[in-house]
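# Coordinates in review
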Amino acid sequence: MKPIKSIIFLLLLMVQPLTAWSFNLSPQKLPFAIPDAGFTSQSKQHSLAEYKGHKVMLWLFSTWCHTCVAGVKAMQKKQAVWKKTGMVIIALRNFNNGGYPGVDMPTFMQRFAPRLKNLDNWITGEASKRMNQDLNQKKFPDIYFLIDEKGWVRAVNTAPNISMNLILKFASGTSQ
Amino acid sequence: MKTIFNALKIVFIIRIYQRISIISFAVFLLLYLMTLPASYTGGYSSFDALHYLNPTLIGFSVLMAGLAALLMSLIIYLIKQGQKSSKSSAAGGIVIGLLAPMLCCSPILPIAIGIIASLIPALGGTFGVHLQGFIATHQIEIFITASLLLLFALYQNAKKVIDGIRCHI
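A brief look at the structure comes next. No experiment lies behind these values; they were computed from the predicted model shown.

The next subject is the pairing of strand β8 (residues 152-157) of chain A. Residue and element names in this part refer to chain A. As defined by bridge partners, strand β1 (residues 32-33) adjoins β8 across two bridges and the pair is classed as antiparallel. Bridging from a neighbouring strand, F32 pairs with V153 of β8. Strand direction decides the pairing type here: strand β7 (residues 142-147) and β8, joined by four bridges, are antiparallel. The residue of β8 that forms the bridge with Y144 is N157. Hairpin connection, β7 to β8: the antiparallel pair is bridged by four residues, and G151 has positive phi, about 90°.

Our next topic: the pattern of salt bridges. Residue and element names in this part refer to chain A. This model, assessed by the stated rule, comprises three salt bridges over all chains. With a closest N to O distance of 3.1 Å, E126 and R93 form a salt bridge. Residue E126 is found in strand β6 (residues 122-127), and its partner R93 is found in strand β5 (residues 88-93); the two are separated by 33 residues along the sequence. On the accessibility criterion, E126 (25% relative accessible area) is partly exposed.

A separate point is the nonpolar core. M57, W59, M75, W82 and W122 of chain A are the most contacted members of the largest nonpolar core, which has 41 residues in total. Setting aside anything within four residues of it in sequence, one finds M57 of chain A in contact with M75, M87, V88, I89, I90, Y144, F145, L146, P160 and I167 of chain A. Core analysis: the next-biggest nonpolar cluster, separate from the first, contains 37 residues, Y40, Y52, F60 and L150 of chain B among them.

We now examine the state of the cysteines. All names here are of chain A. If you walk through the whole model with that rule in mind, you get one disulfide over all chains. The partner cysteine of C65 in its disulfide is C68, sulfur to sulfur 2.2 Å. Residues C65 and C68 share a disulfide whose torsion about the S-S bond is about 90°; that sign makes it right-handed. Look at C68 and you get buried, because its relative accessible area is 0%.

Looking now at the side chain of T67 of chain A. Turning to its location among the elements, T67 of chain A is positioned in helix α2 (residues 66-77). Taking relative accessible area as the criterion, T67 of chain A reaches 0% and is therefore assigned buried. Among residues more than four places away in sequence, those in contact with T67 of chain A are D142, A159 and N161 of chain A together with S39, Y40, T41, G42 and C105 of chain B.

Rules behind the numbers
- The written sequence of each chain sets the order in which its residues are numbered from 1.
- Throughout, the order in which chains and ligands are written sets their labels, letters from A for the former and numbers from 1 for the latter.
- Totals for whole chains, interfaces and linings use all residues, but because this is a predicted model, local features are given only for residues with pLDDT of at least 70 and pairs of side-chain atoms are given and counted only at 80 or more.
- The basis for every side-chain value is the complete set of non-hydrogen atoms in the structure, without hydrogens or water.
- What makes two strands pair is DSSP finding at least two bridges between them.
- Strands are runs of DSSP state E lasting at least two residues, helices are runs of H or I lasting at least four, and both sets are numbered from the N terminus onward.
- Only one rule defines a salt bridge in this text: a Lys or Arg side-chain nitrogen within 4 Å of an Asp or Glu carboxyl oxygen.
- Note on exposure labels: buried denotes an accessible area under 20% of the residue type's maximum, exposed denotes more than 50%, and partly exposed covers the range between, all computed with a 1.4 Å probe on protein chains only.
- To define a nonpolar core, start from buried Ala, Val, Leu, Ile, Met, Phe, Trp, Tyr and Cys residues and group those joined through side-chain atoms within 4.5 Å.
- Contacts were defined at the residue level, with two residues in contact if any of their heavy atoms lie within 4.5 Å.
- Disulfide: a pair of cysteine sulfur atoms within 2.5 Å of each other.

Next up, the structure:
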């Protein structure tokens, strides 16, 4: 019986990552109005309300996370698309880096996606404690929100490198 | 090491065990190649994950698949001989090797910890983040541990194969 149990356990392990993608990452039922939380970028305080009227991708991540490395590299590859669509991309380090040490945001971006800083609609910074409390209570190391021009969150997902099609459809206006 | 080589010599005289090892190696290699890069895909294992392979991950995939394949032959040989095999450390090695990259940066751990924390509040807070952060930043060490566990399991089973031969004499 023991080998059979081991095989069943291993099969469950293989199914388990698929179930991860069926989890609902959203803190509220979609669509919901994005709370007006603040963040710091280039030593200045900003508010999400400043970007009303624009499509926004708000991305919260921790710099120790591997999907975040793959994610910024994937975003850099689509640099021309972001320039064309004009969607504002706000990439923020989770408050306190999600609670685990890691490099700061400028170092992370310089190391993995240095060309993105040339984009006008690419903003990096640090999330405020309130932003993390409002939008990332479960402390996901990698979570993003696609927000429409009226400030409504239309989609919540993780790992942009894997879910790039969703972002591209939203940015080009074919998601709804 | 000598024990392992001698045991493999005994087992691989029989052709079926050579085939079991080759087939197991192919299966485990595919499994590891798709699973080890899961930390770059948010826990998602598929052929898409192959895109995120690097020389280190390929090296560990080959090493762990090789050890697991040799183990399979020894374990099946021992079962056929009616002897008890050591499966616990083998399962430990395989589980650690497969589970760590899936938990690293996926939503699984925060959600699981959230559920556990609702039952046992003391486990809440940053417990999940620390565990996830640790897995993410110590992945190589975790793969080395998994490989050593597989090697230990191989040694334990090899000893039993040799002891079994001695018993027959």
